[in-house]
Structures are given as C-alpha cells and as structure tokens.
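# Observations on the model geometry
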Number of protein chains: 4
Amino acid sequence: MNKETIGVEKLQELLTRGPFNRWLDFSVLSVNEEGIEVEVTWREEWVVNPEQRYTHGGILAAIIDTAADYAIAATLGRPVPTISIRVDYHKAAKPGNLKARAHVVRLGRQYSTAESYVYDKDGSLVASGRGTYYTAPPRS
Amino acid sequence: MNKETIGVEKLQELLTRGPFNRWLDFSVLSVNEEGIEVEVTWREEWVVNPEQRYTHGGILAAIIDTAADYAIAATLGRPVPTISIRVDYHKAAKPGNLKARAHVVRLGRQYSTAESYVYDKDGSLVASGRGTYYTAPPRS
Amino acid sequence: MNKETIGVEKLQELLTRGPFNRWLDFSVLSVNEEGIEVEVTWREEWVVNPEQRYTHGGILAAIIDTAADYAIAATLGRPVPTISIRVDYHKAAKPGNLKARAHVVRLGRQYSTAESYVYDKDGSLVASGRGTYYTAPPRS
Amino acid sequence: MNKETIGVEKLQELLTRGPFNRWLDFSVLSVNEEGIEVEVTWREEWVVNPEQRYTHGGILAAIIDTAADYAIAATLGRPVPTISIRVDYHKAAKPGNLKARAHVVRLGRQYSTAESYVYDKDGSLVASGRGTYYTAPPRS
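Notes on the structure follow. (Residues numbered from 1 in each chain as written. Chains lettered and ligands numbered in written order. Predicted model: local features only at pLDDT ≥ 70, side-chain atom pairs only at ≥ 80, totals over all residues.)

### What to know about the overall build of chain A
Secondary structure assignment for chain A yields three helices and six strands. Secondary structure elements of chain A occur, N-terminal to C-terminal, as α-α-β-β-α-β-β-β-β. Over its C-alpha trace chain A gives a radius of gyration of 15 Å, about what one expects of a compact globule, namely 14 Å for 140 residues. With respect to the principal axes defined by its C-alpha atoms, chain A has extents near 50 × 30 × 25 Å. Counting all 140 residues of chain A, 55% fall into the buried class. Looking at chain A alone, contacts between residues at least 24 apart form 61% of all its contacts between residues at least 6 apart. (Helix = DSSP H or I, 4+ residues; strand = E, 2+ residues; numbered from the N terminus. Rg over C-alpha atoms; globule rule 2.2 N^0.38 Å. Buried ≥ 20, exposed ≤ 12 C-beta atoms within 10 Å, placed from the backbone. Contact = placed C-beta atoms within 7 Å.)

### With respect to the interface of chain B and chain A
Each partner contributes residues to the interface: chain B has 29 residues there, and chain A has 29 residues. Of all elements in the fold, only helix 2 (19–24), helix 3 (57–76) and strand 3 (82–89) of chain B reach the threshold of two or more residues within the side of chain B that touches chain A. In terms of residue count, strand 3 of chain B provides more of the side of chain B that touches chain A than any other element does, eight residues in total. Bridging between strand 3 (residues 82–89) of chain A and strand 3 of chain B involves five bridges; their strand directions are antiparallel. Within the sheet, the bridge partner assigned to S84(A) lies in strand 3 of chain B and is D88(B). (Pairing = 2+ DSSP bridges.)

### Details of the relation of the copies chain A and chain D
At an RMSD of 0.0 Å, chain A and chain D line up after a rotation of 180 degrees and a shift of 0.0 Å along the axis. The superposition operator between the copies reduces to a two-fold rotation axis. Distance from the rotation axis, computed per C-alpha, reaches its smallest value in chain A at R86(A): 3.6 Å. Comparing interface residues between copies, 100% of those in chain A also sit at the interface in chain D, which points to an isologous, same-surface contact. (Least-squares fit on C-alpha atoms with pLDDT ≥ 70 in both.)

### Here's the deal with the sheet that holds strand 2 (residues 35–40) of chain A
Ordered by their spatial adjacency, 12 strands build an open sheet running 1(A)-2(A)-4(A)-5(A)-6(A)-3(A)-3(B)-6(B)-5(B)-4(B)-2(B)-1(B), and the pairing between neighbours is antiparallel. The outermost strands of the open sheet, each flanked by one partner alone, are strand 1 (27–32) of chain A together with strand 1 (27–32) of chain B. Averaged over all pairs of adjacent strands, the angle between strand axes in this sheet comes to 15 degrees, irrespective of strand direction. In terms of strand pairing, strand 3 of chain A meets strand 6 (residues 125–134) of chain A through seven bridges, oriented antiparallel. Counterpart to R86(A) in the pairing with strand 6 of chain A is R130(A). The strands touched by helix 1 (residues 8–16) of chain A are strand 1 and strand 2 of chain A; relative to strand 1 of chain A, the strand with the most contacts, the crossing angle is about 135 degrees. Docked against the sheet, helix 1 (residues 8–16) of chain B engages strand 1 and strand 2 (35–40) of chain B, running at close to 135 degrees with respect to strand 1 of chain B. (Axes fitted to C-alpha atoms, helices over the stretch in contact; angles between N-to-C directions.)

### A word on the sheet that holds strand 6 (residues 125–134) of chain D
A sheet is described by the order of its strands in space; here 12 strands give the open sequence 1(C)-2(C)-4(C)-5(C)-6(C)-3(C)-3(D)-6(D)-5(D)-4(D)-2(D)-1(D), paired in antiparallel fashion. Both edges of this open sheet fall to strand 1 (27–32) of chain C together with strand 1 (27–32) of chain D, since each of them pairs with a single strand only. The mean angle between the axes of side-by-side strands here comes to 15 degrees, regardless of whether they run parallel or antiparallel. On the sheet, helix 1 (residues 8–16) of chain C packs against strand 1 and strand 2 (35–40) of chain C and is oriented at approximately 135 degrees with respect to strand 1 of chain C. The strands touched by helix 3 (residues 57–76) of chain C are strand 1, strand 2, strand 3 (82–89), strand 4 (98–106), strand 5 (111–119) and strand 6 (125–134) of chain C together with strand 3 (82–89) of chain D; relative to strand 4 of chain C, the strand with the most contacts, the crossing angle is about 50 degrees.

### As for the interface of chain A and chain D
Of the residues lining the interface, 11 residues belong to chain A; the matching set on chain D comes to 11 residues. Elements with a contribution of two residues or more to the side of chain A that touches chain D: strand 3, strand 4 (98–106) and strand 6 of chain A. Tallying contributions element by element places strand 6 of chain A first for the side of chain A that touches chain D, with four residues. Taken together, the residues of the side of chain A that touches chain D sort by class into two nonpolar, five polar and four charged. (Nonpolar A, V, L, I, M, F, W, Y, C, P; charged D, E, K, R; others polar.)

### Describing the relation of the copies chain B and chain A
It takes a turn of 180 degrees to lay chain B on chain A, together with a shift of 0.0 Å along the axis; the resulting RMSD is 0.0 Å. Taken as a fraction of all interface residues of chain B, those also at the interface in chain A reach 100%, which identifies the copy contact as same-surface.

### Some points on unusual backbone geometry
Residue R53(A) is not a glycine yet carries a positive backbone phi of 55 degrees. Judged by the 15 C-beta atoms lying within 10 Å of it, R53(A) falls in the partly exposed class. One non-glycine residue, D25(D), lies in positive phi territory at about 60 degrees. Secondary-structure assignment places D25(D) in the loop between helix 2 (19–24) and strand 1.

### Topic: helix 3 (residues 57–76) of chain D
Residue and element names in this part refer to chain D. Compared with the 28 Å implied by 1.5 Å per residue over 20 residues, the 28 Å span of helix 3 between its first and last C-alpha is a close match. Burial within helix 3 is extensive, with 18 of its 20 residues counted as buried. Of the residues one or two after helix 3, G77 is the one with positive phi, at around 85 degrees. (Expected span 1.5 Å × (residues − 1).)

### Thoughts on the packing of helix 1 (residues 8–16) of chain D against helix 3 of chain D
Residue and element names in this part refer to chain D. Where helix 1 meets helix 3, the closest approach of the two axes is 10 Å, and the angle between their N-to-C directions is 130 degrees. The angle between the axes of helix 1 and helix 3 places the two elements in the oblique class. Here helix 1 runs over helix 3; the crossing is right-handed. Every residue of helix 3 that contacts helix 1 at L11, L14 and L15 is listed here: Y70, A73 and A74. Its residues placed into classes, the contact of helix 1 with helix 3 shows six nonpolar, no polar and no charged. (Parallel < 35°, antiparallel > 145°, perpendicular 65-115°, else oblique. Left-handed = near helix turned anticlockwise from the far one by under 90°.)

Written as structure tokens, this is what we have:
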C-alpha cells in the first residue's frame, strides 16, 4: 500500500492546536508509512499514587487515543472523531517522558482502526491499545 | 447482594490523594449499594478542538477509569490497578462540569469489572465504558 | 425516551434468518423499552475444556454481540453491522442454556452502543460486554 | 527477548483438545518467536446474513480469542483463561477459510496481552483485536 503522509511539521501543527495536547506537550518525532512516533513531557500533575508516583491511567489513555488518531491524521490530513478506545495497562509508568508509536490497522470508508504502544523513558512498554475513528468525509 | 460500602468522606479522601485526581477536581457526590456518583470541574486545558471547544477523549477516559475504579474502592476500601478499559464516545462534551455514575458489574477474587457513564452539565450521556481491575489481595 | 420497539415475533423472525444464530438456537424471550432478553440452547460443541466442560469464550462473545445488535434491531427494525465489541469474562460457563439481557446505551445517527449480560442456568453472570454498531441509514 | 516456544505439533495437540476448537477446525500453520499462524475451515453454519453469506462476528471473535490465547500458550505451554477481549470488524468476511496471525504484546506475571489479525482467503484483513489473559501460575 502506497500511502502518502503529511510531514512532521504539518502533523505537529495540527496536534498543537488542541489545548489538552499542548498541556500533554506532544512532540511529533517521526511520520512515515509505518506510522508515527510522538513524545510527551512528564508533569508532576500526572501522578495517581503519591508514594510510588505512577502515572494516571487516564494520561496513558489520552496518549494512546491521540497517537492512534494522529496516525490516521498523517494519512487523511486531519484528526478524526474517536468512536471507541481500548487500553491495556502493562506496567506502572514511573516519572519521565513517554514515547508512543502508532500505526493504522485498517483505513475504512466510514470508520478506521489504529493501534498505539506507549514506552517509558527506559523503553519499556507500559500500555498499549487501539481506537476506532469515524473517518467518513466531513459534510460540507 | 448486601455489600458494605465506605462513606462519601472516606472515598473522597482516598480519591484526593492522587495529584491527577486533584487536577481533575473530583468530588464524590454519593456512595451506596447501587454505585457511586462523582463530579469533575471543567478546565479550559481539557479542550481538544479550539473552535468547538470539545473536551479531549483522554479526559473522558480518565473520568471513566477513575469512577469505575472507585466504585470498586467503595467496596474494597482501596483503589485497585487497572488491567484494561474500554471507552465509547457518544457525543461531543461541551465546556462545563461533568458527572459520572459508576457501579460494579462483577466483583471477582482475582479481577473485577465496573462500568461508568459520563454526563454533561445538561444531563446528556457523552461517554460510557468499563474497566477490568486487578483485585487480588495485596501481597504484604 | 419513548422508543417504539418491534415485537417478540418479528425480532425472532429477523434473528432466525442467520444460520449461525439458528445454530446457537436463539429464542427471543421478551422485547420492551428496557431492552431484550434472549436464550440459547446449550450444545456439546461449545465446550473448550474437555475435563471441566466450560463454554468457549467465542460462544459467549457471539451471544453478547448478537444480543446487543438485536437490542438495537428492536428499535431500528433491522440488525446492523458491528464496528467493535468488548467482552469481559466473569466466570466459567458450565453446560446449560444461557440467557442474555441487552439494552441500548445510546442510539446515535452514525453509530450506536448497546450492552449485554449473559447468565448461566443458575442465574449467575458469566460474561458481559458491549458493542458499537454502524447505524447510519442504509444507502438505497 | 529470547522466548522458547513449543512446536507446531504440541500446540496443535493442545488446541485440538477443545470440542469448539475442533468444530472451528483449527490447524496450526506455524509457531515461532514472532507469534503463531492458524487456519480455520469455513462452514456454512458460520453465515449470519443469508443473502450475502457474511461470517458471523462471533466466529471472528472466537478466532481472535483463540489465536491470541494460543500465542501465549506457545510460550507458557498451556492455554490460559481469557479476562477480556476487544474485536474490531474491518470488512465482511465472505465464505472461505480464514487465517489468523497472533503474537504476544506483553507477558506479565499475573495477566498478559496478545493481539490477533484475521485474514480472508484473498489475504484481506477482515477483523483484528486483542485479549488479556490470566497468566498467574496455576494453583496446585
């Protein structure tokens, strides 16, 4: 499949438009036919457990949803509404920046699926999941 | 099923321990055998789409995960690790406080399932979902 | 919400059209505004574990998908394509007929969500889950 | 990661023990560090829509669950209880044998995640998904 994708700069620009994406401080690291890679900057507010300083599962879910959505945006040129997500939590995410890799599983006419994997600063997989997105052409 | 639950005050105290739960500003509204009800205070940082000011799906996922987790905590007396979540997005959540209702679907020995529903300030269902939690007794 | 639903007989007729639904031997027990109730007749072929004779998780997934789909069909008058399902397994389903209750969580214009609960012959919850369905009007 | 896996013959033997797996007529095609590949033989009973002869989503869910479970079994030497599954349906599966590829996403001490992809006889992806499995050592 020969998919054209938009570049890192354009994807970064789309991603940065959203205040919550800015709060998560997403940087687009790469965009190509295999998918995208993004990084988020750790914040003390993410902690759920004050003793062990784990990252809240909702933050990981937000990263998984956003990375999967923008893997589709890299092809369609626009982010798309999320229909549903599934997130699996693999291990506690300790303080530190997180990276996510995401790719399109299947691009459909009405809805599409993409998958995301989130890694901690040591490269361990902390969470993974997938989302289904509404990709019908926008009504003009 | 006659389940004892911890009260609103104790659940609020547990919930407030986590920095991200404080950032979402969770208030426990009620706790009883039917489940729990919580409210979060809207923040401008939640927005994903700057024109239409929709709330980011990751925020809704965080609310669904937290409400389901604390529906279990109301019975077990402690929050529990999330194994996986599913979130369905029903309609765009416009600015305004959100309420969530959550209840235990099944309390198991090793893992348990709970369900959450999130409503906007007009009482419309904006998202719903479920989580599975690791509820084996903590190793001492 | 005042939803008109089609009756038990009409829903049974729609359900019975599918060979796999006939193989599972679905009977519609009730249809009303609260949702639907269906029953399936146990078959020896469902077993996954020959010593303990548990029912295969795929059979439970099929029941959850079908019951959720027909909870929507009870309102729309037709079964609809499944976009995705989530199934949680609560306990081993021993031999015996299973009942499922399903209801619509949210009926949307493009896609809709419904939830199902499956009970064994003693009334214990063995699995539960939800599906999202493509409910845009069929193109003529 | 250097994972030892059991061979095709041993995995086939484990898989064939279950009556429903025999009914689906699973053949193990390959087992290696990358995951497993299995095939199922099409049956007329799988049809959900009698005009277009699509395969029932429950059959695809059963294949996804089984393939993911046995991707874990290839490493652990035994099939494991399913905690939950997610299945995304990408396109209608027309009559014909189906192949599934599955791999372990993360092997944990208490629970583990694996992913499956199902292809029709022309090699098109018809469904994909993931399951979380209870992988704590069996109590003796």
